[in-house]
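Spelled out, the chains give:
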Amino acid sequence: MHPGKLIFSLQLAAGQVRVADTNGVLPSIFFPYHENGVDLGVSYGINNNWAVSLSGNLGFSSHKRTVDSLPNDYSENVKTSSWGIRGGLDAYFQVSDKFVIFAGPGVRYSRSKVKLDVEQPTGGSAGSSDNPWFSSLSLSGRLGGLINLASNFGIYGSFGQQYSYSWFDVNSGGQEQTWKLWHSAWDARMGVAVYFGGS
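A separate point is the overall build of the protein. Assigned secondary structure in the protein consists of zero helices and nine strands. Listed N to C, the secondary structure of the protein is β-β-β-β-β-β-β-β-β in terms of helices and strands. Of all 199 residues assigned to the protein, the portion counted as buried reaches 40%. Nonlocal contacts in the protein, meaning residues at least 24 apart in sequence, comprise 64% of its contacts between residues at least 6 apart. As displayed, the protein offers around 10,700 Å² of accessible surface, 61% of which is attributable to carbon and sulfur atoms.

Pasting the structure below:
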C-alpha cells in the first residue's frame, strides 16, 4: 500500500444473516440463514502500511422448507434479503511483488428481512407474510489478500467475522415491543480489484 492509492473492488459475497418471523404468537428468530450477494468497496492508502476502507453489499437467498403441522405438513418458500455498509481500517503487508495480505477492524451496519410463502398441500399458494427489518450493528474484523495480475488489476478477497448487537420491532397484543440479542456471524468475499495512484 502507498499513500494516496485507491483500490476499487467488485466481489461476490457469501455469509450468514439473521431474520425475524413475527407472524406467530411469539416472534421467531431464524439463525443463521446463508445468503449470497455482491459487494462493492473502495480502500484509500493513508501511508505505506495502512488504508481506510468503505464497502456496501446486497444479499439474498431462497429455499423451501417443510413445516411439521397437524393435520398435514406444509411447505414454505423462504426468501431473505439484506443490505449492509462497512467502514474500517486495514494494515497491509507486502509478501511479494505479486501478493499482499491485509487485516483490520471495522464497524458494520446491516438490515435483513424474510418473506414466507406458504404452499397448499394440493398445490398453489395459501398466502404469504412479510416481516419487519432485523437491524444489526457489528464490530467486524477481516483478513484478506490481493494478487496482482497486472500493474493496476488483481484478484481481491477476504474472510470476516462479526460480533453483532441486533434488534427488531414487533406489535404483540397491541403493544409495540423491541426484541434485542447478541450474536456472531461470518462472511467471505472474492472478486476483482482495480487500483490507481500512490507512489
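It is worth spelling out the side chain of Ser 140 at this point. Looking at where Ser 140 falls in the secondary structure, it is placed in strand β7 (residues 134–150). Its relative accessible area of 4% is what places Ser 140 among the buried residues. One polar contact links Ser 140 to Arg 86, side chain to side chain, over a distance of 2.8 Å. For Ser 140, the contacting residues outside a window of four places in its chain are Arg 86, Gly 104, Pro 105, Gly 106, Arg 108, Gln 161 and Gln 162.

As a further point, take the pattern of salt bridges. Taken as a whole and assessed by the stated rule, the structure comprises three salt bridges. For Asp 39, the salt bridge is made with Arg 189, and the minimal N-O distance between the two is 3.2 Å. Within this pair, whereas Asp 39 is found in strand β2 (residues 28–45), its partner Arg 189 is found in strand β9 (residues 175–196), the two being separated by 150 residues in sequence. A salt bridge links Asp 187 to Arg 189; its shortest N-O distance comes to 3.2 Å. The exposure class assigned to Asp 187 is buried, which follows from its relative accessible area of 12%. What emerges from the salt-bridge pattern is a single network uniting Asp 39, Asp 187 and Arg 189.

One finds Met 1, Ile 7, Ala 51, Tyr 92, Val 100, Phe 102, Leu 146, Tyr 156, Ala 193 and Tyr 195 forming the largest nonpolar core, which totals ten residues. For this core, the secondary-structure elements that each account for two or more residues are β5 (99–119) and β9. Judged by nonpolar contacts, the second largest core, of six residues, contains Val 19, Tyr 33, Val 114 and Leu 116.

The next point concerns the layout of surface pockets. In this structure, the largest pocket encloses a volume near 210 Å³. When residues of the lining of the largest pocket are assigned to their parent elements, the largest contribution, three residues, is made by β7. Its residues assigned to classes, the lining of the largest pocket shows eight nonpolar, five polar and two charged.

What follows covers empty space enclosed by the protein. Within the structure shown, the criterion is met by two cavities of 30 Å³ or more. In this structure, the largest cavity occupies an estimated 300 Å³ of space. What lines the largest cavity is a set of 28 residues, and nearest its centre among them are Gln 16, Val 17, Ser 82, Arg 108 and Ser 110. At the level of secondary structure, the elements contributing two or more residues to the lining of the largest cavity comprise β1 (6–21), β2, β3 (50–67), β4 (74–94), β5, β7, β8 (153–172) and β9. Looking at the lining of the largest cavity, the element that brings in the most residues is β1, giving six residues. Tallied by class, the residues present in the lining of the largest cavity amount to eight nonpolar, 14 polar and six charged. Roughly 200 Å³ of internal volume is contained in the second largest cavity. In this structure, the second largest cavity is lined by 22 residues; those nearest its centre are Asp 39, Ser 55, Arg 86, Arg 142 and Arg 189. Those elements giving two or more residues to the lining of the second largest cavity turn out to be β1, β2, β3, β4, β7, β8 and β9. Counted by class, the lining of the second largest cavity contains five nonpolar, eleven polar and six charged residues.

Here we take up the packing of aromatic side chains. In total, this model carries nine aromatic pairs according to the counting rule given. When the centroid spacing of 5.8 Å and the interplanar angle of 65 degrees are considered together, the rings of Trp 83 and Tyr 109 count as edge-to-face. Taken together, the residues span a long stretch of sequence, with Trp 83 in strand β4 and Tyr 109 in strand β5 at a distance of 26 residues. Relative accessible area serves as the criterion here: at 28%, Tyr 109 is assigned to the partly exposed category. Here Phe 134 and Phe 168 contribute two aromatic rings whose centre-to-centre distance is 5.7 Å and whose plane-to-plane angle is 25 degrees, an arrangement assigned as stacked. Residue Phe 134 is located in strand β7, and its partner Phe 168 is located in strand β8; the two are separated by 34 residues in the primary sequence. Just as Phe 134 is buried, Phe 168 falls in that class too. Connected via pairs of aromatic rings, a cluster forms that spans Tyr 92, Phe 102 and Tyr 156.

Rules of the game
- Residues numbered from 1 in each chain as written.
- Predicted model: local features only at pLDDT ≥ 70, side-chain atom pairs only at ≥ 80, totals over all residues.
- Heavy atoms only, no water.
- Helix = DSSP H or I, 4+ residues; strand = E, 2+ residues; numbered from the N terminus.
- Buried < 20%, exposed > 50% of the residue type's maximum accessible area, 1.4 Å probe, protein only.
- Contact = heavy atoms within 4.5 Å.
- Areas by Shrake-Rupley, 256 points an atom, 1.4 Å probe, with all protein chains shown as cover.
- Polar contact = N/O pair within 3.5 Å; in protein donor to acceptor, adjacent residues only side chain to side chain.
- Salt bridge = Lys/Arg side-chain N within 4 Å of Asp/Glu carboxyl O.
- Core = buried A, V, L, I, M, F, W, Y, C linked by side-chain atoms within 4.5 Å.
- 1 Å grid on protein atoms, 1.4 Å probe; cavity = no way out; pocket = protein on both sides within 12 Å on 5 of 7 lines; lining within 4 Å.
- Points joined across faces, edges and corners; volume = space filled by probe spheres on them.
- Nonpolar A, V, L, I, M, F, W, Y, C, P; charged D, E, K, R; others polar.
- Phe/Tyr/Trp six-rings, centres within 6.5 Å; stacked < 30°, edge-to-face > 60°.

On their own, these measurements won't tell you what the molecule is for.
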